[in-house]
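# Examining the three-dimensional arrangement
Residues per chain, in single letters:
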Amino acid sequence: QVQLVESGGGLVQTGGSLRLSCAASGSIFSYDAMGWYRQALGKPREFVARITSGGYTNLADSVKGRFTISRDNARNTVYLEMSSLNSEDTAVYSCATMMYSDVFSDYVTRNWGQGTQVTVSS
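Residues numbered from 1 in each chain as written. Predicted model: local features only at pLDDT ≥ 70, side-chain atom pairs only at ≥ 80, totals over all residues. Heavy atoms only, no water.

## Notes on the overall build of the chain
Check the secondary structure of the chain and you find zero helices and 11 strands. Beginning at the N terminus, the succession of helices and strands in the chain can be written as β-β-β-β-β-β-β-β-β-β-β. On C-alpha atoms alone, the chain measures out to a radius of gyration of 14 Å, which is about the 14 Å that the 2.2 N^0.38 rule sets for 122 residues. Taking the principal axes of the C-alpha coordinates as reference, the chain spans close to 40 × 30 × 25 Å. Burial analysis of the chain (122 residues in total) assigns 42% to the buried set. Expressed as a percentage of contacts within the chain between residues at least 6 apart in sequence, the contacts between residues at least 24 apart total 56%. In the structure as shown, the chain presents an accessible area of about 6,700 Å², 45% of it carried by carbon and sulfur atoms. Charge separation in the chain, taken as the distance between the mean sites of 10 positive and 10 negative side-chain charges, equals 2 Å. (Helix = DSSP H or I, 4+ residues; strand = E, 2+ residues; numbered from the N terminus. Rg over C-alpha atoms; globule rule 2.2 N^0.38 Å. Buried < 20%, exposed > 50% of the residue type's maximum accessible area, 1.4 Å probe, protein only. Contact = heavy atoms within 4.5 Å. Areas by Shrake-Rupley, 256 points an atom, 1.4 Å probe, with all protein chains shown as cover. Lys, Arg positive; Asp, Glu negative; His and termini not counted. Charge placed at Lys NZ, Arg CZ, Asp CG, Glu CD.)

What follows is the structure, encoded as structure tokens:
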């Protein structure tokens, strides 16, 4: 099974920026898309961003204009560039492989990384 390892998390001040990385053990071409999710303490996990194998991106309304998702196929790595961070962005960020489902007419997650903590000071 594919292994995903996130890195780049840490402590950042309000208004600052951070770049997260998700390294896959195999080719990310094997999946329809790669995505980022986050889960704040005491809250359910929520969708953050997705990028398809063709390079098309989708971001949650809460992060549009502030976050950017990208991929480096040669390095089998997906990135999440975050800027203008605020306390509401504090969460554990996890990346996941995704496949399109005709049943749900949407992408579904398959494999998960362990996550990396992002803490924004306030």
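## Quick notes on the packing of aromatic side chains
Under the defined criterion, the tally for this structure stands at three aromatic pairs. Among the aromatic residues, those joined into a cluster by ring pairs are Tyr37, Phe47 and Trp112. Taking the ring centre of Tyr79 as reference, the NZ or CZ of Arg19 above it sits at 4.0 Å. The ring of Trp112 carries the charged tip of Arg45 above its face, separated from the ring centre by 3.8 Å. (Phe/Tyr/Trp six-rings, centres within 6.5 Å; stacked < 30°, edge-to-face > 60°. Lys NZ or Arg CZ within 6 Å of the ring centre and 35° of its normal.)

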